[in-house]
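Next come the chains, spelled out residue by residue.
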Amino acid sequence: VGGVQSGMDAFEMMLCGARAVQVGTCHWTEGPKCFDRIADELRAIMEERGYASVDEFRGKLKEWSKDGAAKSRAARVAKKAKS
């Protein structure tokens, strides 16, 4: 049980290199409307991050590093402070 429940779930799996994602459980609980919702959420994430196609980010997850984690944390804090 698990799989994709949101556009962010799909984005994260594709960032790791997935070419397809499983939405069976979501379909079982939410029904077929989940497909459009997840696709719309994924499109919004892509637009927000400046991606025109899935190929631009698929498999681009960077290896963890202490420096990279610090930069990511700083970016999240700055974004939160703006909102």
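The shown structure was predicted, so the numbers you read here are calculated from the model rather than taken from an experiment. (Residues numbered from 1 in each chain as written. Predicted model: local features only at pLDDT ≥ 70, side-chain atom pairs only at ≥ 80, totals over all residues. Heavy atoms only, no water.)

1. Details of the pattern of salt bridges
Heads up, the rule is: For this document, the term salt bridge refers to a Lys or Arg side-chain nitrogen within 4 Å of an Asp or Glu carboxyl oxygen. Put simply, DSSP marks the helices as runs of H or I at least four residues long and the strands as runs of E at least two long, and each gets a number from the N terminus on. We call a residue buried when its accessible area falls under 20% of the maximum for its residue type, exposed when it is over 50%, and partly exposed in between, using a 1.4 Å probe and counting protein chains only.
Tallying each qualifying case throughout the model produces 6 salt bridges. Salt-bridge contacts for Arg37 lead to Glu30; the nearest nitrogen and oxygen are separated by 2.8 Å. Glu48 serves as the salt-bridge partner of Lys79, at 3.2 Å between the closest nitrogen and oxygen. Taken together, the residues span a long stretch of sequence, with Lys79 in helix H4 (residues 66-82) and Glu48 in helix H3 (residues 33-49) at a distance of 31 residues. Using a relative accessible area of 55% as the deciding quantity, one classes Lys79 as exposed. Overlapping salt bridges, with partners in common, bring together Glu30, Arg37 and Glu41 in one network.

2. What about the packing of helix H1 (residues 7-15) against H3?
Cut-off, in case you're wondering: Note on definitions: angles span 0 to 180 degrees between N-to-C directions of axes, and those axes are lines fitted to C-alpha atoms, for helices only across the stretch in contact. Orientation categories follow fixed angle ranges, with anything under 35 degrees roughly parallel, anything over 145 roughly antiparallel, 65 to 115 roughly perpendicular, and all other angles oblique. With the far helix as reference, a near helix turned anticlockwise by less than a right angle produces a left-handed crossing, and one turned clockwise produces a right-handed crossing. Contacts are residue-level and defined by heavy atoms, with any inter-residue pair within 4.5 Å sufficient. The residue classification treats Ala, Val, Leu, Ile, Met, Phe, Trp, Tyr, Cys and Pro as nonpolar and Asp, Glu, Lys and Arg as charged. All others, Gly included, are polar.
Relative orientation of the contacting elements H1 and H3 amounts to 60°, with a least axis distance of 7 Å. It follows from the interaxial angle that H1 and H3 lie oblique. Like other packed secondary-structure pairs, H1 and H3 cross with a definite hand, here right-handed. Only Ile38, Glu41, Leu42, Ile45 and Arg49 of H3 make contact with H1, whose side of the interface consists of Gly7, Met8, Ala10, Phe11 and Met14. Grouping the amino acids of the contact of H1 with H3 by side-chain chemistry returns 7 nonpolar, 1 polar and 2 charged.

3. A few points about the side chain of Ser6
Just so we agree on the cut-off: What qualifies as a polar contact is a pair of N or O atoms within 3.5 Å, subject to a donor-acceptor requirement within protein and to the restriction that residues adjacent in sequence count only when both atoms come from side chains.
Mapped onto the elements of the fold, Ser6 is located in the segment before H1. In terms of polar contacts, Ser6 uses its side chain to reach the backbone amide nitrogen of Asp9, at 3.1 Å. The residues contacting Ser6, other than those within four sequence positions of it, are Arg37, Ile38 and Glu41.

4. Description of the environment of Ser6
Residue Ser6 is classed as buried on the basis of its relative accessible area, which comes to 18%. Sequence spacing of Ser6 and Ser65 is 59 residues, and the spatial spacing of their C-alpha atoms is 27 Å.

5. Comments concerning the nonpolar core
What counts here: In these notes, a set of buried Ala, Val, Leu, Ile, Met, Phe, Trp, Tyr and Cys residues joined through side-chain atoms within 4.5 Å is what counts as a nonpolar core.
Judged by nonpolar contacts, the single largest core of 13 residues is most densely connected at Val4, Ala10, Phe11, Ile38, Leu42 and Phe57. Ranked by residue count, the leading element in this core is H3, at 5 residues. The contacts of Ala10, once residues within four sequence positions are left out, are Val4, Val21, Ile38 and Leu42.

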